[in-house]
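Descriptive structure summary
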Amino acid sequence: MKKYFYTFFWCFSVFSISAQSSNEVGKIALSIVIPDNIEGLNSSNLSKLETKIIQLVTQSGLAANGYSSNFIIYPKLAIYDDKFVEGGMEDIFMLNCELTLILKQLDNNVIYSTSVTKLKGSGVDKQIAFNNAISKINSNSKEFVTFIETGKQKIIDYYNLKCQDIITKSESLVKMQDYEGAIGLLMTVPEEVSCYNKIQQKTIEAYKAYQNQKCSTQLQEAKTTLAKNYYKDALDILSQIDPSTKCYKEVEALIKKAEEKVDAKAKTQFAVRMKMYNDSIALEKQRIQAAKEIAVEYYRNQPKPAPNNYLMIIK
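Summary of the structure given here. (Residues numbered from 1 in each chain as written. Predicted model: local features only at pLDDT ≥ 70, side-chain atom pairs only at ≥ 80, totals over all residues. Heavy atoms only, no water.)

1. Describing the packing of aromatic side chains
A complete count under the given rule lists six aromatic pairs for this structure. A ring pair is formed by F71 and Y158, whose centres lie 5.8 Å apart and whose planes are at 75°; its orientation type is edge-to-face. Residue F71 is located in strand β3 (residues 71-85), and its partner Y158 is located in helix α3 (residues 142-175); the two are separated by 87 residues in the primary sequence. Exposure class is identical for F71 and Y158. Each is buried. (Phe/Tyr/Trp six-rings, centres within 6.5 Å; stacked < 30°, edge-to-face > 60°. Helix = DSSP H or I, 4+ residues; strand = E, 2+ residues; numbered from the N terminus. Buried < 20%, exposed > 50% of the residue type's maximum accessible area, 1.4 Å probe, protein only.)

2. Section: the pattern of salt bridges
Applying the stated criterion across every chain, the model contains six salt bridges. Of the charged contacts in the structure, one is a salt bridge between K118 and E98, with a shortest N-O distance of 2.8 Å. Here E98 lies in strand β4 (residues 92-105) and K118 lies in strand β5 (residues 110-123), a separation of 20 residues in the sequence. Overall, K118 belongs to the exposed group, its relative accessible area being 64%. Measuring nitrogen to oxygen at the nearest pair gives 2.7 Å for the salt bridge that ties D242 to R287. Residue D242 is found in the loop between α6 (231-238) and α7 (248-259), and its partner R287 is found in helix α9 (residues 280-300); the two are separated by 45 residues along the sequence. Of the two residues, D242 and R287, neither departs from the other in class, the shared state being buried. Each of E171, K202 and E205 takes part in one network of salt bridges that share partners. (Salt bridge = Lys/Arg side-chain N within 4 Å of Asp/Glu carboxyl O.)

3. Overview of the state of the cysteines
Defined simply, a disulfide is a covalent bond joining two cysteines at their sulfur atoms. According to the stated counting rule, one finds two disulfides in the structure shown. Two residues, C163 and C195, share a disulfide whose sulfurs are 1.7 Å apart. When the S-S torsion is 110°, as for the bridge of C163 with C195, the disulfide is right-handed. Placement of the pair is C163 in helix α3 and C195 in the loop between α4 (179-186) and α5 (196-227), with a sequence separation of 32 residues. Note on cysteine connectivity: C215 is disulfide-linked to C247, with sulfurs 1.2 Å apart. Placement of the pair is C215 in helix α5 and C247 in the loop between α6 and α7, with a sequence separation of 32 residues. As far as burial versus exposure is concerned, C215 and C247 are alike and both buried. Counting only the cysteines that form disulfides, in the order they appear in the protein, gives the pairing 1-2, 3-4. (Disulfide = S-S within 2.5 Å.)

4. Describing the nonpolar core
Counting residues in hydrophobic clusters, the biggest one holds 58 residues, and the most contacted among them are L30, I53, V57, I73, I155, Y159 and I183. Take this core: its biggest share by element is 11 residues, from α3. Core analysis: the next-biggest nonpolar cluster, separate from the first, contains 20 residues, L226, C247, A258 and V262 among them. (Core = buried A, V, L, I, M, F, W, Y, C linked by side-chain atoms within 4.5 Å.)

5. So, the environment of E293
Position of E293 among the secondary structure elements: in helix α9. In the structure, E293 is positioned 109 residues away from G184 in sequence and 9.4 Å away in space, judged by C-alpha atoms.

Printed below as a string of structure tokens:
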């Protein structure tokens, strides 16, 4: 009997992020790390494995695209036996393997949860047999549910413990005028954490400071646009400036000037958009949504070095 152990050791950037949307900010987010290659398996096999893990994560109400990639899920695969056996019309490739999923926090190198599943697959070749084995994974099994719930609770416990540290660090970033960094850090805290309301308040404070910094630039951009007689475009720019900013009186004067030059339809659309500024609840929601988009863009622009994959095979 042949026995192959495929073990993956990862050097992975904490800022790696894939296709993250602002709708996922606030959820516990797990980055799924799949090796670039495994001897004998093709990209289709690896894609199928990734899809299965994504299914496991998303149906648990978590985000399968890591926000800051501090928490990852990665697989270890042990193939215990693979061989051709005589069939009717043709030989069949039989595969016995064990899939281990590991949920790990990168910045402290702590494993939060593991799950081990034995799999069997068959097909006309190794690739088809592996796909067959992966297709038999039941993401609703007790083992997988426990795996996710255990990891989820430990992540919540981590943020509950570190909440004040995160707030303190964000305040330091604001003082250094790194507003995007502060917002990005605060938005890593999931909604289930006990201090989430305080986190949102701090996020709004950081967002207002960020808007105050941008105000002069946006104001100048609106003035330039108005000078070109692009009145509707100028209104679009002005509507993005938060009413708490130091330059908002000048913004209001430009709004009045631009509104005089647009048609009734554009004026109505702008009025509807600006109505939220008179509704404190709607305005707070808009600020949080804008902060989420800033946070996503911040992490998307961080360096993303490719992970180093090391494959160990023991026969």
